[in-house]
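# Fold and geometry: a report
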Amino acid sequence: MIANSTDINNICCIGAGYVGGPTMAVIADRCPHIQVNVVDLNDSRIASWNQSDLSKLPIYEPGLDAVVSRARGKNLHFSTNVNKAISIADMVFISVNTPTKAKGLGSGQASDLRWVEACARQVAESAQGHTIVVEKSTLPVRTAETVQAILSAAQNPGATAGRPKTFVVLSNPEFLAEGTAINDLEDPDRILIGGEDSASIESLASIYKNWVPENKIIRTNLWSSELSKLTANAFLAQRISSINSVAALCEVTGADVREVSMAIGADSRIGTKFLNSGPGFGGSCFKKDILNLVYLANYFNLPEVADYWQHVVTLNTWQQHRISRLIVKTLFGTVTGKRIAIYGFTFKADTNDTREAPSINIAKDLLEEGAQLAIFDPKAKIDQIEIDLNLKAISPPIHNNPRSKEASIKGEGIWWAPKSAIEAANGVDAIIILTEWEEFKNISWEEVAPKMRKPAWVFDSRGIVNPSIIKSAGLKLWRVGDGAL
Ligand code: UDX
Ligand code: ADP
């Protein structure tokens, strides 16, 4: 049995995604004595991680390029050779995708664990000697049991030939938020390690101790660790649904949600963070984790608990459709054939991730109504937007494309991808701000306004514009949670 971290010389991380990639880059950077192999089945993703041009990494995350450039090729390696990396590792992190199940038992709520199970089987087969297996992906409570069952079946602690194969499973959920991942990893609020084997827990803890103070490392049992991750995300998401519900009330009562947030956030018991009203939360975690809680509560016959959390998601979806409905209503009840610009498609700023972005539902609603959208985002990839909307972008631009006229007559929604925010404004009746990118906060409305067809509106779902600047540029404004407009 491994006694302490000095025995951890080689780490394998399965899954080179938004969690595995940045997390392993920071571990390698902070622990030059440990070899870190990040593996993935996806060839093109691995090829992007190995690109010499660091601006082409598969994930856009501020500061990631610098960390990768310091460690890559020294003690940080990206490859598709999963079995080899497992076989030489003392510790294997499982950091694969766990989306919500689309069909079968628990469909729409439970997590699809097929990738986690496949990983566990691969580890069971390829590991040699003693291996600590660490769950990094967000997982439903008691997943460790499944992983442990698969690994236990492959153990041979009494083997006489070669090194005996043994496993310990730990839970070590990741709390990084996209856009601030490097800072969250380098200076975390806490590190959570759940497990039953204290020597293995200390092995993992001593990796983090290379840069995280001991008092920030929390040790719990496996199930508390797994449930804490779901609960943390559920609490954060609940704050957003709470403030979004209040924003709707502000709009009809004459209150301003920014003032309300400030006033309630001044109470130290409530705190100031996560009180920004917006188009609803997105990202790969919040909705998935709440639905996991809902599934768990129903499974254990706690329907009131399930309903309570389900409403956080219901309100979030409502907020997205509420925004598209009010846009249509404001634009004289119809957007068929009208050009509208969408500023921002990613689920938040400083990421290229569009998973569960509110922009998807809002854009789909408007396309359904026959709108002609100019979608501009500084980082989202056009082919990803096409997948999200299930609609190919048209080219050349809407304003000199014969397809626009045809679509207008048929009432069909179309979209194109302008190269800049200014270009997107050409001939549009409205601009909808859906992501709080810095560039949209600093845009010159004096320059944008003359390009739009009048009367022209700005719908600011993030509350980032200055109302007096919008008004002096001759534009009409709707701002989330602003009842004073
Ligand atoms: C979240 C958790 O914060 C992180 O701890 C966990 O590991 C993964 O899930 P992430 O989804 O990357 O991280 O980003 P986060 O900053 O939490 O934002 C999630 C969504 O909430 C975004 O769509 C964001 O725009 C929205 N949000 C956040 C608001 O609408 N208002 C706020 O005040 C804060
Ligand atoms: P997250 O946001 O949780 O990091 P991503 O979808 O960004 O999720 O990344 C998960 C990665 O895991 C993907 O790149 C996927 O190809 C990879 N993956 C899934 N299953 C396996 C597996 N069995 N072996 C190796 N890589 C896997």
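Being a predicted model, the structure only gives us computed values, none of them experimental. (Residues numbered from 1 in each chain as written. Chains lettered and ligands numbered in written order. Predicted model: local features only at pLDDT ≥ 70, side-chain atom pairs only at ≥ 80, totals over all residues. Heavy atoms only, no water.)

We now examine the sheet that holds strand β12 (residues 430–433). A sheet is described by the order of its strands in space; here 6 strands give the open sequence β11-β10-β9-β12-β13-β14, paired in parallel fashion. The sheet is open, and its two borders are formed by β11 (414–416) and β14 (476–479), each paired with just one other strand. Across this sheet, the average inter-strand angle for adjacent strands is 20°, counted without regard to direction. Across 3 bridges, strand β10 (residues 372–376) lies against β11 in parallel orientation. Bridge pairing links glutamine 372 to isoleucine 414 in β11. (Pairing = 2+ DSSP bridges. Helix = DSSP H or I, 4+ residues; strand = E, 2+ residues; numbered from the N terminus. Axes fitted to C-alpha atoms, helices over the stretch in contact; angles between N-to-C directions.)

Bringing the nonpolar core into the picture now. Ile11 and Phe93 are the most contacted members of the largest nonpolar core, which totals 44 residues. Residues contacting isoleucine 11, with those up to four places away along its chain left out, are Met24, Ile27, Ile34, Gln35, Val36, Asn37, Ala89, Met91, Phe93 and Ile207. Listed in part, the 35 residues of the second largest apolar core include Cys250, Leu367, Ala430 and Trp478. (Core = buried A, V, L, I, M, F, W, Y, C linked by side-chain atoms within 4.5 Å. Buried < 20%, exposed > 50% of the residue type's maximum accessible area, 1.4 Å probe, protein only. Contact = heavy atoms within 4.5 Å.)

For the rest of this paragraph, the subject is the domain arrangement of the protein chain. Here the protein chain is described as being made up of domain 1 (10–220) and domain 2 (222–485). Using only C-alpha atoms to locate each centre, domain 1 and domain 2 end up separated by 33 Å. Every contact between the two is made by 42 residues of domain 1 and, on the other side, 30 residues of domain 2. In this assembly, domain 1 packs against domain 2 so that about 2800 Å² is buried in total across both faces, 55% of it on carbon and sulfur atoms. (Domains from an automatic or database assignment. Buried area = accessible area lost by both parts, 1.4 Å probe.)

So, about the packing of helix α11 (residues 286–299) against helix α12 (residues 303–330). As a packed pair, α11 and α12 sit with axes 8 Å apart at the nearest point and diverge in direction by 165°. The pairing of α11 with α12 is recorded here as roughly antiparallel in orientation. When you trace α11 past α12, the crossing you get is left-handed. For the pair α11 and α12, contact is made by Lys287, Ile290, Leu291, Leu293, Val294, Ala297 and Asn298 and by Pro303, Val305, Ala306, Trp309, Gln310, Val312 and Val313, respectively. Within the contact of α11 with α12, the residues separate by chemical class into 11 nonpolar, 2 polar and 1 charged. (Parallel < 35°, antiparallel > 145°, perpendicular 65-115°, else oblique. Left-handed = near helix turned anticlockwise from the far one by under 90°. Nonpolar A, V, L, I, M, F, W, Y, C, P; charged D, E, K, R; others polar.)

A word on the site of ligand 2. As a matter of local geometry, ligand 2 sits amid 16 residues, with Tyr18, Val19, Asp40, Arg45 and Arg355 nearest to it. Aspartate 40 places a polar side-chain atom, nitrogen or oxygen, 2.6 Å from an oxygen atom of ligand 2. Arginine 355 is positioned with one of its side-chain polar atoms (N or O) 2.9 Å from an oxygen atom of ligand 2. Here ligand 2 has 580 Å² of accessible area as a free molecule, and 88% of this is covered by the chains. No other element matches helix α5 (residues 114–126), which puts 3 residues into the shell around ligand 2. A class-by-class count of the residues in the shell around ligand 2 yields 7 nonpolar, 6 polar and 3 charged. (Near = heavy atom within 4 Å. Polar contact = N/O pair within 3.5 Å; in protein donor to acceptor, adjacent residues only side chain to side chain. Areas by Shrake-Rupley, 256 points an atom, 1.4 Å probe, with all protein chains shown as cover.)

Let's shift gears to the site of ligand 1. For ligand 1, the set of nearby residues contains 19 residues, the closest of which are Phe175, Glu178, Asn276, Lys348 and Arg462. The separation between a nitrogen atom of ligand 1 and a polar main-chain atom of asparagine 276 is 2.8 Å. The separation between an oxygen atom of ligand 1 and a polar side-chain atom of lysine 348 is 2.8 Å. Among the elements that line the shell around ligand 1, the one with the most residues is helix α9 (residues 222–253), at 4 residues. Residues that form the shell around ligand 1 fall into these classes: 11 nonpolar, 3 polar and 5 charged.

To continue, consider the pattern of salt bridges. Evaluated as defined, the whole model comprises 26 salt bridges. Here arginine 219 and glutamate 202 are joined by a salt bridge, their closest N and O atoms 2.9 Å apart. Taken together, the positions of arginine 219 in strand β8 (residues 217–220) and glutamate 202 in helix α8 (residues 198–208) put the pair 17 residues apart, joining distant regions of the chain. By relative accessible area, arginine 219 is classed as partly exposed at 30%. The class for glutamate 202 is partly exposed, based on a relative accessible area of 29%. Glutamate 386 is the salt-bridge partner of lysine 392, the closest N and O atoms lying 3.5 Å from each other. What you see here is one network of salt bridges that share partners, running through Glu202, Lys209, Glu214 and Arg219. (Salt bridge = Lys/Arg side-chain N within 4 Å of Asp/Glu carboxyl O.)

Taking 1.5 Å per residue as the helical rise, α12 with its 28 residues ought to reach 40 Å, and the 39 Å between its terminal C-alpha atoms agrees with that figure. A positive backbone phi angle near 60° is found at phenylalanine 332, which sits one or two residues after α12. (Expected span 1.5 Å × (residues − 1).)

On to a nonpolar patch on the surface. A surface patch of nonpolar side chains, amounting to about 430 Å² of accessible area, comprises Tyr299, Phe300, Leu302 and Val305. On the basis of relative accessible area, tyrosine 299 is assigned to the exposed category, the value being 61%. (Patch = residues over 30% accessible without salt bridge, like charges linked within 9 Å, V, L, I, M, F, W, Y side chains within 5 Å.)

Scanning the entire structure with this criterion turns up 13 aromatic pairs. For the ring pair phenylalanine 281 and phenylalanine 286, a centre distance of 5.6 Å and an interplane angle of 80° mean the geometry is edge-to-face. Given a relative accessible area of 6%, phenylalanine 281 falls into the buried group. Note on tyrosine 343 and phenylalanine 440: the rings are 5.0 Å apart at their centroids and 25° apart in plane angle, and the pair reads as stacked. In this pair, tyrosine 343 sits in strand β9 (residues 339–343) while phenylalanine 440 sits in helix α17 (residues 438–441), placing the two residues 97 residues apart along the sequence. (Phe/Tyr/Trp six-rings, centres within 6.5 Å; stacked < 30°, edge-to-face > 60°.)

Attention now moves to the environment of glutamate 406. Following the sequence through the fold, glutamate 406 ends up in helix α15 (residues 402–410). The class for glutamate 406 is partly exposed, based on a relative accessible area of 36%. Spatially, the C-alpha atoms of glutamate 406 and arginine 114 are 45 Å apart, while their sequence positions differ by 292 residues.

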